[in-house]
There are 2 protein chains.
Amino acid sequence: MVQVEEAEAIIKAEVKDFGTESVPFEEALGRVLAEDLKADRDMPPYNRVAMDGIAFRYEAIEQGIQTFNITATQAAGDKPVEIQSAEECVEIMTGAALPASTDTVVRYEDLVIQDGMATLQTNGINKGQNIHAQGKDKKQQEPVALASQVVTPALIGVAAAVGAKELQVKTLPKVVVISTGDELVKVEETPLPYQIRRSNSYTIKAALQQYGLQADLLHIPDDVATLKRQLNNCLQQYDVLILSGGISMGKFDYVPQVLEELAVTKLFHKVKQRPGKPFWFGKHDNGVHVFALPGNPVSTFMCFHRYFLPWLQACLGIGAKSSLYAALSKDITFNPSLQYFLQVNISLNEQGQMLATPLEGNGSGDFANLVEADAFLELPAEGCNFKQGEVYRVWPFRRKV
Amino acid sequence: MVQVEEAEAIIKAEVKDFGTESVPFEEALGRVLAEDLKADRDMPPYNRVAMDGIAFRYEAIEQGIQTFNITATQAAGDKPVEIQSAEECVEIMTGAALPASTDTVVRYEDLVIQDGMATLQTNGINKGQNIHAQGKDKKQQEPVALASQVVTPALIGVAAAVGAKELQVKTLPKVVVISTGDELVKVEETPLPYQIRRSNSYTIKAALQQYGLQADLLHIPDDVATLKRQLNNCLQQYDVLILSGGISMGKFDYVPQVLEELAVTKLFHKVKQRPGKPFWFGKHDNGVHVFALPGNPVSTFMCFHRYFLPWLQACLGIGAKSSLYAALSKDITFNPSLQYFLQVNISLNEQGQMLATPLEGNGSGDFANLVEADAFLELPAEGCNFKQGEVYRVWPFRRKV
């Protein structure tokens, strides 16, 4: 039996790099950049007109010129039109490349245009105004996004802008989610009175989808020979096995024994926590990792979020996220000397503070409660009485911010 | 020109129901439930054994019995095995259905088992202990998830458990994202010195993907006849048009004029805000909504998050989210009497308070800055000097909690 922090450290020591791959930028949402994404040109790539109006030389203002001869009209996307003298201007649109012969833009709102002439209606003109200068945001070859960033919609837009049709991203591990337990029947079946349907593996598969990871599902009956054969197959085919069930004190909890027979070294078994005490973690000689989670749905869910996801994020090189904290909204008592993962609702008050409101269910079998909850609040094993206003670490599993 | 709050109210009045549809539960992540999901049986469906050990009658304890004859072993998924007397017990596993002839479970840790007999090693036994009672979490036909909930991984697990192979979810609107602007070339092209690549539409498409919405993309050149023909097609084929560009003061900003010629009624044009002032919103006679967003990437992005997404969420019936607030981490001055949407990084300090750290870019063209930012902080039009510690509404676009 290990402490939560020991379990965390053992798992952290097993972080592994699954390599990189190239994916079309439009399919990269949620993936992790494997290399810096660089600007192919300056951003903006030219002195970009930022207002619809006219462009001219600021020296005209110094010379007292107020009315300009409109030489030409230049739309965004047009080749720049040059002027020959300070008396001339170009009628020019937002997004156009500023002609090299001009340096200042005045917007329509500050002009009167009549008979091919534009007359200024304002005095407060500054040289270079209404121009988004070439390279002001990024210089050519400067990174616009860094390796280890998660690909967001904004990043996809920037990738499009710099012409990165393919993005180098971290390869995701091949994951199989394995359920065990002879009481479990298929979703489409009507269970006998003493049976239930499989559910844990669907939850985990869906949670992995949020990272773009498509896991395979497998159910193995509680039979030593079958378990051994199928786990052995999985250890050859996948990078990670996530199991649920079969690791506790029961007579048919064959998973730890079979895993060890298959050369999966136990790195720990049992963690001082509730829920999720029976959690087993190990590594095969060939490097495959096995997260054998307890079968109770709340335990599975908690261990997945507290241990597996941070490991996955570390494997993908996502910059270590800072821990999140929330304040308890009411007193809680928990006597066993176990780290207690309390289900909570998260809210943000009008001062911007994150509050955790306990939403205790009926123990680790009560997964209906997870549908209502937003996060686990991690209450340390040392304490028993946790007071309103005290701040603890929080592990969110439903998006709030 | 309208205020932000007026624009918001006008859009809110246009909320529309796109109906419901049935999808396989495994594909429902991120969708919105259209009806309550009910328990097909009690949850748990039987008195569920919560520890590996033995089950017997509590009256044995009252009679002073400490050693039990093990009648049978019952695994999870086995039909319950009944006992005939208080001297008997069933060796029983977590997840099994408690035999009706028993009422109490003692775990292995509190037993010695030898020669087919189990002897108690503890005195503190309570009637009914280690049993997760039938129906304790939910009664048959009680909802396990409510209409308007977003489908989470936990909800997918519960759907599996209650045998809901298909879920009734809200139908998503058919959306086309249209870019305009003759300076825009395809992502795979090398732009001329005065051209740039399309990017806004990819950003919006990716942001919609997070709701399971697959938008179509279209680019229309700045030509009145083409614009009219293509917008007319779109108005027949889609529920919503999201445009970027072509709505400002420019000579080639034909979008508002063409939309009105196509019987799209303008509901507002221009909002007192920065970025995003030129925002145009209207509705076709046939009910199709048109969000014509400014073409500057930061403006597009802001208007999409501040106006389009809340409208979409309301259309899907997602319970009105409470507003989010964050405290400014440093003073900010903004003089124009416009609502200012400041790009910020969001962090949570160890007191659980959400802080907004300004990350001002180089204006509405600087979309590289969006890759670094997490949210927009909405600073009211009335003020100019916004002080450290003051709390304002925040619109997150990158997940933090």
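Residues numbered from 1 in each chain as written. Chains lettered and ligands numbered in written order. Predicted model: local features only at pLDDT ≥ 70, side-chain atom pairs only at ≥ 80, totals over all residues. Heavy atoms only, no water.

Novice: Honestly, the overall build of chain A in this entry has me stumped. Any pointers?
Specialist: For chain A, the count of helices and strands is eight helices and 28 strands. Relative to its length of 401 residues, chain A is extended, with a C-alpha radius of gyration of 31 Å against a globular reference of 21 Å. The principal-axis extent of the C-alpha atoms belonging to chain A is close to 95 × 50 × 40 Å. Out of the 401 residues in chain A, the part that is buried amounts to 56%. Taking the contacts inside chain A whose residues are at least 6 apart along the sequence as the reference set, 70% of them involve residues at least 24 apart. Carbon and sulfur atoms make up 45% of the accessible area of chain A, which totals about 15,700 Å². (Helix = DSSP H or I, 4+ residues; strand = E, 2+ residues; numbered from the N terminus. Rg over C-alpha atoms; globule rule 2.2 N^0.38 Å. Buried < 20%, exposed > 50% of the residue type's maximum accessible area, 1.4 Å probe, protein only. Contact = heavy atoms within 4.5 Å. Areas by Shrake-Rupley, 256 points an atom, 1.4 Å probe, with all protein chains shown as cover.)

Novice: I'm lost on the relation of the copies chain B and chain A in this one. Help?
Specialist: Mapping between the two copies of the chain is achieved by a rotation about an axis and a shift along the axis. Between the two copies, chain B and chain A, the superposition gives an RMSD of 0.0 Å; the rotation angle is 180° and the shift along the axis is 0.0 Å. On the angle and the small slide along the axis, the relation comes out as a two-fold axis. Of the C-alpha atoms belonging to chain B, the one lying closest to the rotation axis is found on Q353(B), 1.9 Å away. (Least-squares fit on C-alpha atoms with pLDDT ≥ 70 in both.)

Novice: Sorry, what's going on with the interface of chain B and chain A here?
Specialist: How big an interface is tends to be stated in terms of accessible area lost as the parts join. The partner chain A presents 95 residues to the 95 residues of chain B that form the contact. Summed over both sides, the interface between chain B and chain A buries roughly 8,100 Å², with carbon and sulfur atoms accounting for 61% of that surface. Connecting chain B to chain A are four salt bridges. Counting residues per element, the side of chain B that touches chain A draws most heavily on helix α3 (residues 153–161) of chain B, which supplies eight residues. Its residues assigned to classes, the side of chain B that touches chain A shows 46 nonpolar, 22 polar and 27 charged. (Buried area = accessible area lost by both parts, 1.4 Å probe. Salt bridge = Lys/Arg side-chain N within 4 Å of Asp/Glu carboxyl O. Nonpolar A, V, L, I, M, F, W, Y, C, P; charged D, E, K, R; others polar.)

Novice: What should I look at first to understand the UniProt feature "domain: MoaB/Mog" (unreviewed entry) in chain A in this one?
Specialist: The sites that UniProt annotates as "domain: MoaB/Mog" (unreviewed entry) are residues 176–315 of chain A. Taken end to end, residues 176–315 of chain A has its terminal C-alpha atoms 17 Å apart, with 36% of it in helix and 26% in strand. (UniProt positions renumbered as here; feature names shortened; annotations may be inferred.)

Novice: Even after reading the chapter, I still don't get the side chain of Q343(B), so can you show me in this structure?
Specialist: Residues and elements named next belong to chain B. Mapped onto the elements of the fold, Q343 is located in strand β24 (residues 339–348). Since its relative accessible area comes to 7%, Q343 is described here as buried. At a separation of 3.0 Å, a polar atom in the side chain of Q343 contacts the side chain of N369. What Q343 contacts, discounting residues up to four positions off in sequence, is V298, T357, P358, L359, E360, N369, L370, A373, A375 and F376. (Polar contact = N/O pair within 3.5 Å; in protein donor to acceptor, adjacent residues only side chain to side chain.)

Novice: Any chance you could explain the pairing of strand β13 (residues 175–180) of chain A here in plain terms?
Specialist: For a regular strand, side chains alternate in direction, first toward one face of the sheet and then toward the other. Residue and element names in this part refer to chain A. With six of its six residues buried, β13 lies for the most part within the structure. Along β13, one buried face is formed by V175, V177 and S179 and the opposite face, lined by V176, I178 and T180, is buried too. The sheet contact formed by β13 and strand β17 (residues 240–244) spans five bridges and is parallel. Looking across to β17, one finds that V175 is bridged to V240. Strand direction decides the pairing type here: β13 and strand β16 (residues 216–220), joined by five bridges, are parallel. When the bridges of β16 are listed, V177 appears paired with L217. (Pairing = 2+ DSSP bridges.)

Novice: What exactly am I supposed to notice about the pattern of salt bridges here?
Specialist: Think of it this way: side chains of opposite charge can pair up when their charged atoms draw near. Enumeration over the complete set of coordinates arrives at 22 salt bridges over all chains. The partner of E91(A) in a salt bridge is K251(B), and the shortest N-O contact between them spans 3.3 Å. On the criterion of chain membership, the pair formed by E91(A) in strand β6 (residues 88–92) and K251(B) in the loop between β17 (240–244) and α6 (255–261) is interchain, its members lying in two chains. When its relative accessible area of 6% is taken as the criterion, E91(A) is described as buried. Between E8(B) and R306(B) there is a salt bridge, with its nearest N and O atoms 3.0 Å apart.

Novice: What exactly am I supposed to notice about the sheet that holds strand β8 (residues 111–114) of chain A here?
Specialist: Strand pairing in a sheet is mediated by backbone hydrogen bonds. Such pairs are either parallel or antiparallel. Residue and element names in this part refer to chain A. Spatially, β7-β4-β6-β5-β9-β8 is the arrangement adopted by the six strands of the open sheet, whose pairing is mixed. At either end of the open sheet lies a strand with only one pairing partner, and these are β7 (104–107) and β8. Each adjacent strand pair in this sheet contributes to an overall mean axis angle of 35°, direction not counted. Inspection of the sheet shows strand β5 (residues 67–74) paired to β6 by five bridges, in the parallel sense. Within β6, the position partnered with N69 by the bridge is E88. (Axes fitted to C-alpha atoms, helices over the stretch in contact; angles between N-to-C directions.)

Novice: Just to check I follow, could you spell out the sheet that holds strand β9 (residues 117–120) of chain B for this structure?
Specialist: Residues and elements named next belong to chain B. Strand order in this open sheet of six strands is β7-β4-β6-β5-β9-β8, and the pairing throughout is mixed. The outermost strands of the open sheet, each flanked by one partner alone, are β7 (104–107) and β8 (111–114). When strand polarity is set aside, the average angle formed by the axes of neighbouring strands in this sheet is 35°. One ladder, built from four bridges, connects β8 with β9; its direction is antiparallel. Note that in β9 the partner of L111 across the bridge is L120.

Novice: What am I meant to see in the packing of aromatic side chains here?
Specialist: Given two aromatic rings, one states the distance between the centres and the angle between the planes to describe the pair. All names here are of chain A. This model, assessed by the stated rule, comprises 34 aromatic pairs over all chains. Ring geometry for F301 and F397: centres 4.8 Å apart, planes at 80°, overall edge-to-face. A residue pair is termed long-range when its members are at least 10 positions apart, and F301 in helix α7 (residues 297–315) and F397 in the segment after β28 (391–396) qualify at 96 residues. With a relative accessible area of 5%, F301 lands in the buried category. Judged by centre distance (5.7 Å) and plane angle (45°), the rings of F308 and W311 are tilted. Separated by three residues within a single helix, F308 and W311 lie in helix α7, roughly one turn from each other. (Phe/Tyr/Trp six-rings, centres within 6.5 Å; stacked < 30°, edge-to-face > 60°.)

Novice: Explain helix α3 (residues 153–161) of chain A to me, please; I cannot follow it from the model alone.
Specialist: Each α-helix turn comprises 3.6 residues. Residues three or four places apart therefore point the same way. A large share of α3(A) lies buried, amounting to nine of its nine residues. Of all the positions in α3(A), only P153(A), A154(A), L155(A), I156(A), G157(A), V158(A), A159(A), A160(A) and A161(A) are classed as buried.

Novice: I keep staring at the domain arrangement of chain A and nothing clicks. Help me out?
Specialist: When cut into domains, chain A gives domain 1 (4–18 + 172–315), domain 2 (20–43 + 136–170), domain 3 (48–132) and domain 4 (324–396). Computed from C-alpha coordinates alone, the two centres of domain 2 of chain A and domain 4 of chain A are separated by 38 Å. (Domains from an automatic or database assignment.)

Novice: Would you explain the packing of helix α4 (residues 200–209) of chain A against α7(A) in this entry?
Specialist: Angle between the axes and distance between the axes are the two parameters that describe a pair of packed helices. Residues and elements named next belong to chain A. Direction vectors running N to C along α4 and α7 enclose 30°, while the axes themselves pass 11 Å from each other. Here α7 runs roughly parallel to α4, going by the angle between their axes. Seen along the crossing, α4 lies across α7 with a hand that is right-handed. Packed against α4, whose contacting residues are N200, T203, I204, A207 and L208, the element α7 presents P297, T300, F301, F304, F308 and L312 at the interface. In terms of residue class, the contact of α4 with α7 is built from eight nonpolar, three polar and no charged. (Parallel < 35°, antiparallel > 145°, perpendicular 65-115°, else oblique. Left-handed = near helix turned anticlockwise from the far one by under 90°.)

Novice: Any chance you could explain the state of the cysteines here in plain terms?
Specialist: Residues and elements named next belong to chain B. Inspection of every chain in the model, using the stated rule, returns zero disulfides over all chains. C315 supplies the cysteine sulfur nearest to C234, a cysteine that is in no disulfide, at a spacing of 19 Å. Owing to a relative accessible area of 5%, C234 belongs among the buried residues under this scheme. (Disulfide = S-S within 2.5 Å.)

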